[in-house]
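# Structural characterization, general
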Amino acid sequence: MDFKIGQRVSGQITGIQPYGAFVSLGDHQQGLIHISECHYGYVKDIHDYLKVNQEVNVVVLDIDEFTGKISLSLRCLEHVETATELSEHQHRHYWTNHRIKIGFKPIADRLPSWKHEALQRLDSEKASS
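Residues numbered from 1 in each chain as written. Predicted model: local features only at pLDDT ≥ 70, side-chain atom pairs only at ≥ 80, totals over all residues. Heavy atoms only, no water.

## Quick look at the pattern of salt bridges
According to the stated counting rule, one finds two salt bridges in the structure shown. Salt-bridge contacts for Glu37 lead to Arg75; the nearest nitrogen and oxygen are separated by 3.0 Å. Residue Glu37 is found in the loop between strand E3 (29-34) and strand E4 (55-63), and its partner Arg75 is found in the loop between strand E5 (70-73) and helix H1 (80-89); the two are separated by 38 residues along the sequence. (Salt bridge = Lys/Arg side-chain N within 4 Å of Asp/Glu carboxyl O. Helix = DSSP H or I, 4+ residues; strand = E, 2+ residues; numbered from the N terminus.)

Quick look at the structure:
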């Protein structure tokens, strides 16, 4: 069977390792559900979510065109509510201080010196060639 990225497929767990679970997809094809793709959030032990011989519905995440390895995800099929519930408990991180309203002033203040430096470099490159 030819698989496509994003396709939903069924399979059976054939083996579990600390890093993920192997899934038989039929026709002597196998895929891997990485531990990070078996459930939203942190997964301490993959055995808490998957068992050998368990039937699973998964999504094809990636297919390595050279090796033919198939990456699978259970997480993609989890309900959106689960992801929303998790994100509500996460703290928002701002990369800038959202209380200070300085806008683009620091960039505008430095722009003339940046232009001058760039033009000097361009002139020195022209002179050396």
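Additional details are given in the paragraphs that follow.
## Quick notes on a nonpolar patch on the surface
A cluster of nonpolar residues, Phe104, Ile107, Leu111 and Trp114, forms a patch on the protein surface that exposes about 440 Å² of accessible area. Residue Ile107 is classed as partly exposed on the basis of its relative accessible area of 45%. (Patch = residues over 30% accessible without salt bridge, like charges linked within 9 Å, V, L, I, M, F, W, Y side chains within 5 Å. Areas by Shrake-Rupley, 256 points an atom, 1.4 Å probe, with all protein chains shown as cover. Buried < 20%, exposed > 50% of the residue type's maximum accessible area, 1.4 Å probe, protein only.)

## So, helix H2 (residues 105-128)
With 24 residues, H2 should cover 34 Å at 1.5 Å per step; its first-to-last C-alpha distance of 36 Å lies within 8% of that length. Its maximal kink placed at Leu111, H2 deviates by approximately 40°, while the proline Pro112 follows within four residues. (Expected span 1.5 Å × (residues − 1). Bend = angle between axes of the 7 residues up to and from the residue.)

As far as function goes, none of this settles anything; it's purely spatial.
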